[in-house]
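What follows is each chain in one-letter form.
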Amino acid sequence: MFRNSILLLFACLCVLPVCAQKAIKENMSAAAQKFLAALSADQKQKVQFAFTDDERFHWHYVPMDRKGIPLRELSTTQREAGLALLRIALSDSGYGKTISIVQLENVLREVEGRSANDDYRHPGKYYFSLFGNPSADNIWGWRFEGHHVAFNFSSRNGKLFSGTPSFLGSNPGIVLSGPEKGKQILKSETETGLALVRSLDASQQLKAVIQTKAPAEIVTGNSRIAMISDPKGILYSELSSSQQKLLLELLSIYIQRYTKALALAMMGDIEKAGLSNLRFAWAGELATGPGHPHYYRIHGPTIIIEYDNTQNNANHVHTVVRDLKNDFGGDELLTHYKHEKH
């Protein structure tokens, strides 16, 4: 029965539901209201929090029990309504990577030699939480989170205002055996970062490579406020035109996880703060594949993007995007909310 329930969940995740296709044409508030309307009273108690609740800032990407309501406690109709909300906030590639990471829990269970009824690795342990009242003329937020997936969204006046902190990870980074051998969910993040650091000449690498050993984890972790106090790495202005193009391509892979409007807004903030202020930093080995730990980040006045592949013999990828201006919607949004009537 347990195994069958997992397969049924996979079937629901693999294909974009009709409900989600229709929801793309609707605004996020309407989709959230539909999701809530599909839930029972007890389920709503689990999923809803005040916008000012400290739980909104409690985020993580490790396997753990969370607040909110998990996929496995939702009916097919309810699950489709929740995924429709997620589908609105993400691009096709962002949504596809997210669902692939959820499905990867079943592969990881087998890699770790866990039993078929093991509950630690379970694709149903991804949780929805809503903060505030989802209406088109209100400030509210929501979260979708589980092992190696975390998206924190904020909305104002019917517009998606922020989508960070966000995290996508993959263990294994490359599936080494079994029916899905060769699968690499975060392949573009890996290969484009490597292409950029390898394009640098010796003098440029002296600036870009900040240490020979990669850190064991992303530096910002699951902090409430992302901060790297001592920016290091090579500046955008110190790159050739082809290398600048490659850096922007790498940046866009992360920004374009989101829906087009939010991606454009984030890129607009980055450009306004000055592309010349962007830095690219690398740590660890320059070789590819498992057994070669490495780390990189893009750091600018409004953005920190980190990539780390060190765990499990460097076959376990973590990536994070932090909007330094608008994480969790930003402090200004919270202040504005507290002074509005609701």
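Above this note sits the structure.
Criteria and thresholds
Residues numbered from 1 in each chain as written. Predicted model: local features only at pLDDT ≥ 70, side-chain atom pairs only at ≥ 80, totals over all residues. Heavy atoms only, no water. Helix = DSSP H or I, 4+ residues; strand = E, 2+ residues; numbered from the N terminus. Phe/Tyr/Trp six-rings, centres within 6.5 Å; stacked < 30°, edge-to-face > 60°. Buried < 20%, exposed > 50% of the residue type's maximum accessible area, 1.4 Å probe, protein only. Lys NZ or Arg CZ within 6 Å of the ring centre and 35° of its normal. Core = buried A, V, L, I, M, F, W, Y, C linked by side-chain atoms within 4.5 Å. Contact = heavy atoms within 4.5 Å. 1 Å grid on protein atoms, 1.4 Å probe; cavity = no way out; pocket = protein on both sides within 12 Å on 5 of 7 lines; lining within 4 Å. Points joined across faces, edges and corners; volume = space filled by probe spheres on them. Nonpolar A, V, L, I, M, F, W, Y, C, P; charged D, E, K, R; others polar.

Concerning the environment of G268
So, point 1. Position of G268 among the secondary structure elements: in helix α10 (residues 260-273).
So, point 2. Taking C-alpha positions, G268 is 24 Å from R143, a pair spaced 125 residues apart along the chain.

Some details on the packing of aromatic side chains
So, point 1. Tallied over the full model, the rule gives 15 aromatic pairs.
So, point 2. An angle of 80 degrees between the planes, with centres 5.1 Å apart, marks the rings of F57 and F328 as edge-to-face. Of this pair, F57 sits in the loop between β1 (48-49) and β2 (69-70) while F328 sits in the loop between β13 (317-323) and α12 (331-339), and the two are 271 residues apart along the sequence. Accessibility assignment for this pair places F57 and F328 in one class, buried.
So, point 3. Seen in terms of ring centroids, W282 and Y296 are 5.9 Å apart; in terms of plane orientation they differ by 15 degrees. Their pairing is stacked. With a gap of 14 residues between them, W282 in strand β10 (residues 279-284) and Y296 in strand β11 (residues 294-299) connect regions that are remote in the sequence.
So, point 4. With a relative accessible area of 0%, Y296 lands in the buried category.
So, point 5. Site record: aromatic cluster; members linked through ring pairs are F35, Y126, F128, W142, F144, F151, F153 and Y258.
So, point 6. Across from the ring centre of Y95, 5.5 Å away, lies the NZ or CZ of R87, which sits over that ring.
So, point 7. Stacked on the ring of F57, the Lys or Arg R224 has its end atom at 4.0 Å from the ring centre.

Overview of the nonpolar core
So, point 1. The biggest cluster of nonpolar side chains holds 67 residues, and the ones touching the most others in it are F35, F128, W142, F153 and F280.
So, point 2. Not counting the four nearest positions on each side in its chain, W142 is found in contact with M28, L85, L86, A89, F128, S129, L130, F131, F151, N152 and F153.
So, point 3. Membership of the second largest hydrophobic core comes to 14 residues, among which are W59, A150, V320 and L334.

Let's talk about empty space enclosed by the protein
So, point 1. Tallied over the full model, the rule gives 3 cavities of 30 Å³ or more.
So, point 2. Taken as a whole, the largest cavity holds about 60 Å³ of empty space.
So, point 3. In terms of lining, the largest cavity is formed by P63, M64, R66, E105, Y120, H122, K125, Y126, G146 and H147.
So, point 4. A per-class count over the lining of the largest cavity returns 4 nonpolar, 3 polar and 3 charged.
So, point 5. Volume-wise, the second largest cavity comes out at about 50 Å³.
So, point 6. Surrounding the second largest cavity, R56, F131, G141, W142, R143, N152, F153, S154 and F328 form its lining.
So, point 7. Taken together, the elements giving at least two residues each to the lining of the second largest cavity come down to β4 (139-146) and β5 (149-156).
So, point 8. Classifying every residue of the lining of the second largest cavity by side-chain character gives 4 nonpolar, 3 polar and 2 charged.

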